[in-house]
Amino acid sequence: MRILGLRIGNLQTKRFSSSSRFVPAHEPAQDADCRRLEQFLEDKPHILVLTGAGISTESGIPDYRSEGVGLYARTNHKPIQHGDFVKSEATRKRYWARNYVGWPRFSSIPPNVTHHTLARLEREGRISGIVTQNVDRLHGKAGSKEVVELHGSGFDVICVGRNNERGKGCDYRIDRHEFQRILDQLNPAMEDGSTMMRPDGDVELPQEYVEGFVIPPCPQCGGNLKPEIVFFGDNVPMPRIEKVVRMIIQSDGILVLGSSLTVFSGYRIVLQAKELGLPVAIVNIGATRGDPKADLKISARCGEIMSNLFRRS
């Protein structure tokens, strides 16, 4: 049972909006959990934070795997695969039509208490940086500065074609808001027939809304455009991986927030930290792949824990 706005074990929980429908069932956070996390952080000024979809569910963005409320639990639709997007025009059209309709809502979603708390901890010198598996750019909206978007961002659009003159990948890039204006001009009759937002910002749409959707080609090489998101089946760019490794080496511990660590690109950070002898703390509703490696595991909603860190009255 969810208990909102009550003082439980001296920990003041927050009232959350209806966006909490994407947060799985959980027990209320306890004051002792918050104190244990404070003790973990207190003597480690260079903590690297890894965040997952579980922190953004409290802003109203669904995830894939949460029990009972994630995309896998609510529908049999699967996330888009990189190979399908690159090879299939029908897949690209379906994705961009859904993303176009979902963009105004997705791009306007505000950060929540966890994002704001991490920005505060960065300003206070309590954490050294954030690696996020999320593509929603909510950390930047909250004011965090040192952020690596491990799986890219839905706020930029890139070309996946090749520039024949130079014999290598095309470097065309456009801001997603500007791209939305181009799509507006090409699809003036498009209506919002969506039924459900998905984790990457696109929505469910009937097929009739998709068939006539127009996508512009890359203006530099004529190739196909995609959001700068690492879709399932694609690889995180090596320069990004190398930067994350440097951040791990320079850190004195890892704090995982809202990630099941099912995807290896996130779990690898925990493995690398343990290889270096670094401590790991995890805050997540339910079990994670990294629990056997954790020095501290707290099963709770991230917002309840983070909003009370270093705020004793």
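Keep in mind the model is a prediction, meaning the values are calculated, not measured.

1. Section: the overall build of the protein
- Along the backbone of the protein there are 12 helices and 13 strands.
- Looking at the protein as a whole, 55% of its 313 residues qualify as buried.
- Put simply, of all contacts in the protein between residues at least 6 apart along the chain, 70% involve residues at least 24 apart.
- Summing over all exposed atoms, the protein offers an accessible surface of approximately 14,300 Å²; the carbon and sulfur share of this is 48%.

2. Quick notes on the sheet that holds strand 6 (residues 152-159)
- Here we have three strands laid out as an open sheet, ordered 9-6-10, and antiparallel in their pairing. With partners counted over all chains shown, the strands left at the sheet margins are strand 9 (173-175) and strand 10 (225-229), one partner each. Taken pair by pair, the neighbouring strands of this sheet meet at an average axis angle of 40 degrees, ignoring direction.
- Two strands pair when backbone bridges link them, and strand 6 and strand 9 are joined in this way by three bridges, in the antiparallel orientation. Looking at the pairing, Ile 158 lines up with Arg 173 of strand 9.

3. Some words on the UniProt feature "active site" (unreviewed entry) in the protein
- What UniProt calls "active site" (unreviewed entry) maps, in this numbering, to His 151.
- Among the secondary structure elements, His 151 is positioned in the loop between strand 5 (147-149) and strand 6.
- Setting aside anything within four residues of it in sequence, one finds His 151 in contact with Thr 132, Gln 133, Val 135, Glu 228, Ile 229, Val 230, Val 236, Arg 240, Val 263 and Ser 265.
- Here the side chain of His 151 touches Gln 133 through a polar contact of 3.3 Å, landing on its backbone oxygen.

4. Considerations on the pairing of strand 6
- Burial of strand 6 is extensive: eight of the eight residues sit out of reach of the surface.
- Alignment of strand 6 against strand 10, held across five bridges, turns out to be antiparallel. Across the sheet, Gly 152 pairs through a bridge with Ile 229, a residue of strand 10.

5. Things to note about the UniProt feature "binding site: Zn(2+)" (unreviewed entry) in the protein
- Under the local residue numbering, the UniProt record ascribes the feature "binding site: Zn(2+)" (unreviewed entry) to Cys 159, Cys 170, Cys 218 and Cys 221. For the annotated residues, spread through 63 residues, the largest C-alpha to C-alpha distance comes to 9.0 Å, consistent with a single compact locus.
- Mapped onto the elements of the fold, Cys 159 is located in strand 6.
- The buried category is assigned to Cys 159, whose relative accessible area is 7%.
- Along the polypeptide, Cys 221 turns up in the loop between helix 9 (207-210) and strand 10.
- Relative accessible area serves as the criterion here: at 27%, Cys 221 is assigned to the partly exposed category.

6. Describing helix 11 (residues 264-275)
- When the terminal C-alpha atoms of helix 11 are compared, their 16 Å separation across 12 residues agrees well with the 16 Å that a helix rising 1.5 Å per residue should span.
- Positive backbone phi, at 80 degrees, marks Gly 277, one or two positions downstream of helix 11.

7. Some thoughts on the pattern of salt bridges
- Going through the model one piece at a time under the given rule, you end up with 13 salt bridges.
- Its salt-bridge partner being Glu 304, residue Arg 301 comes within 3.2 Å of it at the nearest N-O pair.
- Glu 304 gets classed as buried once you look at its relative accessible area, which sits at 2%.
- Linked by salt bridges that have partners in common, Asp 31, Arg 35 and Glu 38 make up one network.

Basis of the calculations
Residues numbered from 1 in each chain as written. Predicted model: local features only at pLDDT ≥ 70, side-chain atom pairs only at ≥ 80, totals over all residues. Heavy atoms only, no water. Helix = DSSP H or I, 4+ residues; strand = E, 2+ residues; numbered from the N terminus. Buried < 20%, exposed > 50% of the residue type's maximum accessible area, 1.4 Å probe, protein only. Contact = heavy atoms within 4.5 Å. Areas by Shrake-Rupley, 256 points an atom, 1.4 Å probe, with all protein chains shown as cover. Pairing = 2+ DSSP bridges. Axes fitted to C-alpha atoms, helices over the stretch in contact; angles between N-to-C directions. UniProt positions renumbered as here; feature names shortened; annotations may be inferred. Polar contact = N/O pair within 3.5 Å; in protein donor to acceptor, adjacent residues only side chain to side chain. Expected span 1.5 Å × (residues − 1). Salt bridge = Lys/Arg side-chain N within 4 Å of Asp/Glu carboxyl O.

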